Amino acid sequence: MRLSGGMYSLVEALSSQIPKGCIHLESEVIGISYKSGGVGEAGETEGGEDDDDSTREKDSGDPLPHVVVRIRRTESKEKGGDDGLEAEGKEHGVSGEGGTTKVLTKEIDASHVIVAVPPRLLVKDILTFNPKLPKETMDGFRRIPTWMAPHGKMVAVYQNAFWRKKGLSGSGGSRAGPLSEIHDASPMEGRPALFGFLALNPQQRASKGTNEIISNAKQQLSRMFGEEAQNPESLFYVDWAQEKHTAGDEDVKFGFTGGHPDYEGIPRDAAGLWDGHLDFAGTELSEHHGGFLEGALCAAEAAVHRFLGKATSN
């Protein structure tokens, strides 16, 4: 299935329904904590130091347990935004070629949190949990592959779809170059394009380097579709194994799985943590269509049903 404007058009449509200030771009969650006090106001802090929890809980006046999510963004001093982090964020003098930067942090209180990142990233310690998650939970997450994380992809954009004029579909398979699977990725409107998945595993890509891979790929496309393929108008290359928020250490180490993983939903040891205030979603944790967009929708729906069930019981 293709969408006019690409999959990003779906992201834009969904995000437009979310109230302003609820989405924090170019930010990362660095910690999630389970507290015994009530849900209070979100506060900004300086330099990653925690607020006084006793004050937070006393001011809220609510004895219910809650979760505190800590987010952080580093940006240039000149850059601003409208998502709430800038209002009271404190600057940190970091000098360099890029100029002065500032680190903005914010704590958000919530009754429940649903973590929707690949499970292996939680083992990678991209964020901290307090209290720590049980060893059995982390071991279960470690065994769940991140779909497509070991792979790489290249997209070459051209002024015209010259391959079609030659009666070629733009699709192909190859074992004589870095691209193993190639397709016509032309949008309904705009520049035509060819894209391909890389046959090289993460270690091979790291060894050869981006420039060599791109050069060999253009030569391969030229052999398959004509000399015009050698000179794309623009070219995009991504190695998901190098993406901090995509690939876990095991994804890089073990590379391709040789087939689609058998996703079975949330591991038993990850269910009901923090008295049900912490839950997990994401396509790798779906019982159906794991790894695909449909799996992400199924996992999100299941997590919301669990939340609504707990909210009703309370």
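Structure shown above.
Since the model is a prediction, treat every value here as computed from it, not as a measurement.

Reading guide: rules and limits
Residues numbered from 1 in each chain as written. Predicted model: local features only at pLDDT ≥ 70, side-chain atom pairs only at ≥ 80, totals over all residues. Heavy atoms only, no water. Helix = DSSP H or I, 4+ residues; strand = E, 2+ residues; numbered from the N terminus. Buried < 20%, exposed > 50% of the residue type's maximum accessible area, 1.4 Å probe, protein only. Contact = heavy atoms within 4.5 Å. Areas by Shrake-Rupley, 256 points an atom, 1.4 Å probe, with all protein chains shown as cover. Phe/Tyr/Trp six-rings, centres within 6.5 Å; stacked < 30°, edge-to-face > 60°. Pairing = 2+ DSSP bridges. Core = buried A, V, L, I, M, F, W, Y, C linked by side-chain atoms within 4.5 Å. Salt bridge = Lys/Arg side-chain N within 4 Å of Asp/Glu carboxyl O. Arc of directions from axis to C-beta. Axes fitted to C-alpha atoms, helices over the stretch in contact; angles between N-to-C directions.

Caption draft 1: Expanded view of the overall build of the chain. Each helix and strand counted, the chain has nine helices and twelve strands in total. In the chain, buried positions account for 39% of the 314 residues. A separation of at least 24 residues holds for 71% of the contacts in the chain among residues at least 6 apart in sequence. Total accessible area on the chain is roughly 18,000 Å²; 51% of this is exposed by carbon and sulfur atoms.

Caption draft 2: How the structure looks around the packing of aromatic side chains. In the structure shown here, the tally under the stated rule is eight aromatic pairs. Considering the side-chain rings of Phe162 and Trp163, the 5.0 Å spacing of their centres and the 85° angle between planes classify their relative orientation as edge-to-face. With respect to burial, Phe162 and Trp163 carry one shared label: buried. Relative to Phe197, the ring of Phe195 lies with its centre 5.3 Å away and its plane at 90°, an arrangement referred to as edge-to-face.

Caption draft 3: Molecular detail of the pairing of strand β9 (residues 179-184). Here strand β8 (residues 172-173) pairs with β9 via two bridges, running antiparallel. Paired with Gly173 across the strands is Glu181, a residue of β9. Here five bridges tie β9 to strand β10 (residues 193-198), and the two strands are oriented antiparallel to one another. In the strand pairing of β10, Ile182 is matched with Gly196.

Caption draft 4: Region of interest: unusual backbone geometry. For the bond running from Asn130 to Pro131, omega is 5°, close enough to zero to count as cis. Even without a glycine there, the phi angle at Trp274 is positive, about 50°. For Trp274, the location among the structural elements is in the loop between α8 (249-254) and β12 (278-280). With a relative accessible area of 10%, Trp274 lands in the buried category. One non-glycine residue, His289, lies in the positive phi region at around 60°. Tracing the backbone shows His289 in the loop between β12 and α9 (293-313).

Caption draft 5: Expanded view of the side chain of Thr146. One can find Thr146 in the loop between α4 (135-142) and β7 (152-157). Sequence-distant contacts of Thr146, that is, excluding residues within four places in its chain, are made with Pro118, Arg120, Thr246, Asp251, Tyr263 and Glu284.

Caption draft 6: Structural context of the nonpolar core. Counting 24 residues, the largest nonpolar core has Ile32, Val113, Phe129, Leu133, Phe141, Leu278 and Phe280 as the members making the most contacts within it. Mapped onto this core, the elements with two or more residues apiece are β3 (66-76), β5 (113-115), α3 (119-123), α4 and β12. Residue contacts for Leu133: discarding those within four places in its chain leaves Met138, Phe141, Leu273, Trp274, Leu278 and Phe280.

Caption draft 7: Quick peek at the environment of Thr74. Looking at the secondary structure, you find Thr74 in strand β3. For Thr74, a relative accessible area of 52% puts it in the exposed group. Thr74 sits 46 residues away from Glu28 along the chain, and the two C-alpha atoms are 9.6 Å apart. Setting aside residues up to four positions removed in sequence, Thr74 forms contacts with Thr101, Lys102 and Val103.

Caption draft 8: Focus on the pattern of salt bridges. Using the criterion set out here, one finds 13 salt bridges in the structure. Between Lys244 and Glu28 there is a salt bridge, with the nearest N and O atoms lying 3.4 Å from each other. Separated by 216 residues along the polypeptide, Lys244 in the loop between β11 (234-239) and α8 and Glu28 in strand β1 (residues 28-35) bring together distant segments of the chain. Residue Lys208 pairs with Glu212 through a salt bridge whose shortest N-O separation is 3.8 Å. Residue classification places Glu212 among the partly exposed positions, given a relative accessible area of 37%.

Caption draft 9: Region of the structure containing α4. Along α4, the positions that sit buried rather than exposed are Thr137, Met138, Gly140 and Phe141. One side of α4 holds all its buried residues, which, seen down the axis, span an arc of 160°.

Caption draft 10: Looking closely at the sheet that holds β8. The five strands are arranged β8-β9-β10-β7-β11 in an open sheet whose pairing can be described as antiparallel. Only two strands of the sheet have a single partner each, and these edge strands are β8 and β11. Alignment of β7 against β10, held across five bridges, turns out to be antiparallel. Residue pairing across strands places Ala156 opposite Leu194, the latter belonging to β10. Each of β7, β8, β9, β10 and β11 touches helix α7 (residues 210-225); the most contacted strand, β9, lies at about 60° to it.

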